[in-house]
Amino acid sequence: MFSKEIYIKRREELRSLVGNGIVLLFGNNESPCNYPANAYYPFRQDSSFIYYYGLRRDGLVGVIDIDAGKEMLIGDDIDIEDIVWYGSVDSVSDMAHQTGISATAPMKELKNICDQAKKSGRKIHFLPPYRFDTKIQIMDLLGIHPSQQKEAASVELIMAVVKMRQCKTDIEIAEIEKACAIGYQMHTHAMRLTRPGLTEKYVGGQVNGMAHSLGEHESFATIFTQHGEIMHGNPSYNILESGRLALCDAGAENSENYCSDNTRTYPVNGKFTQRQLEIYSIVEACHDYALEVARPGVLWYDVHMNVCRMMTDKLKELELMKGDTEEAVQAGAHALFLPHGLGHMMGLDVHDMEGLGQNYVGFDDEIQPSTQFGTNALRCGKRLQEGFVMTDEPGIYFIPDLIDDWRAQGLHKDFINYELVETYKDFGGIRLEDDILITADGCRFLGDKIIPYHPADVEAFMASSVAISE
């Protein structure tokens, strides 16, 4: 938790941006796994609640009465039976003091506060809920059915939160750097371990263990798979095979819940084949291009589309694509190989603030999301600002079902050499991903060490790891 002055200033700014009414900021409750007492561990607080309060106990709601200039922390103190099982914790009053609030009340009082506000015709602001228990709580408090709560959420509050959270301060950047340092350990540990005969599950489990050992936990479900063409290929019990590629997409949350997110793809046996190198070098070039051009004022959408053009040009050199590059990209033919966006914002959420709505977070009045397959998965398109933290993650994938589907429909046959693509259906996929900070005149890697990604560096690192293990 940062100093309480930071949270006081954040809430003051929030009040000025929202303008009037009452703001309800819901913390999370415990989430049962398979029965009430067996909750998912560790507890994860709502990110916006963390941002404005810094408190990581379940069952809390922050109330900001903008018109009256008052704040209150709502929550119930735990009873003696809970203390027996979980130990003594700070009282709600103690936690309120830690975050710079003097007034507290038990949870039952929140209903009275909301009823009075509604009776007076005052605006009650809340963010779009994503947990079902919070949705039920909002329905009980405000009478809004869960199916209508996304639309009923306060646009004023959403825009205020996005404005405040999108540009990271120095203290936040320092925390993200710590998460990236853990991410470096996770990925290099996976590279050292990877070799034929182990299971995906074993390596993936070791990656998760590193996140839990050095930080709070992983920032999302770890992806470690030989089927890199599956976007969310969680570790299976499949045996790692010589000649295959392993894709590891993993990140950490540090003790302050700031995130990292990196992806590396490398040969299971430590040595790229020529065909793997040909595809890998395209992804590498696209990754490095984004690093060269990302800076304040640049549309991230333009960076993404230029990466798509570069990828198309280079796939044409391998005769996997054909025809006019611009026509192919405008038609969306490149999305057979890149069905996702170049990257997303990152911070307290690995996809930062995504729950607030893509239109508000990654887009604005200047540019709105595309509806075209592939490009519609670009989570951010707006102009970059100093302090943005972005992921740079191009990839090339050979997805057998997608290839079959497009070929059967005759889609983009003027741009795709399906006969040759057919021979790559056992290839898998390659993605490279790093976390970058937009600076005053460009961008830089986050983390003091870069996970090896240039082919020669990858092979040398894996070779040295084998030598050490022997």
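Fair warning: this is a prediction, and the values are worked out from it, not measured in the lab.

Undergrad: Run through helix 12 (residues 300-317), naming residues and quoting values.
TA: Taking 1.5 Å of rise per residue, the 18 residues of helix 12 would be expected to cover 26 Å, and the 26 Å separating its terminal C-alpha atoms lies within 8% of that figure. Of all the positions in helix 12, only Trp300, Val303, His304, Met305, Val307, Cys308, Met311, Thr312 and Leu315 are classed as buried. Lining the buried residues of helix 12 we find helix 11 (274-293), helix 13 (325-331), strand 13 (389-392), strand 14 (395-397) and strand 16 (434-438). Just downstream of helix 12 lies Glu319, where phi reads positive at about 70°.

Undergrad: Give me the packing of aromatic side chains: which residues, what numbers.
TA: The full count for this structure, using the stated rule, is 10 aromatic pairs. Where Phe337 meets Phe398, the ring centres are 5.7 Å apart and the plane angle is 75°; that geometry is what we call edge-to-face. Of this pair, Phe337 sits in the loop between helix 13 and helix 14 (358-361) while Phe398 sits in the loop between strand 14 and helix 15 (400-409), and the two are 61 residues apart along the sequence. For the pair shown, Phe337 and Phe398 are each scored as buried. The rings of Phe337, Phe398, Tyr424 and Phe427 are connected pair by pair, giving a single aromatic cluster. For Arg10, the ring lying beneath its charged end belongs to Tyr51, and the centroid distance is 3.9 Å. For the cation-ring pair, Arg275 lies above Tyr424, with the distance from its terminal atom to the ring centre recorded as 4.6 Å.

Undergrad: A description of the pairing of strand 4 (residues 60-65) should follow, citing residues and the corresponding values.
TA: Within strand 4, 6 of the 6 residues are buried, which leaves the element mostly enclosed by the surrounding structure. Bridge count between strand 1 (residues 22-26) and strand 4: 5 bridges; the pairing is antiparallel. Counterpart to Phe26 in the pairing with strand 4 is Val61. In this structure, strand 4 lies alongside strand 5 (residues 70-75), joined through 6 bridges in antiparallel fashion. Along strand 5, the bridge assignment pairs Gly62 with Leu73. As consecutive antiparallel partners, strand 4 and strand 5 are separated by 4 residues, and within that stretch Gly69 has a phi angle of approximately 70°, a positive value.

Cut-offs and rules
Residues numbered from 1 in each chain as written. Predicted model: local features only at pLDDT ≥ 70, side-chain atom pairs only at ≥ 80, totals over all residues. Heavy atoms only, no water. Helix = DSSP H or I, 4+ residues; strand = E, 2+ residues; numbered from the N terminus. Expected span 1.5 Å × (residues − 1). Buried < 20%, exposed > 50% of the residue type's maximum accessible area, 1.4 Å probe, protein only. Contact = heavy atoms within 4.5 Å. Phe/Tyr/Trp six-rings, centres within 6.5 Å; stacked < 30°, edge-to-face > 60°. Lys NZ or Arg CZ within 6 Å of the ring centre and 35° of its normal. Pairing = 2+ DSSP bridges.

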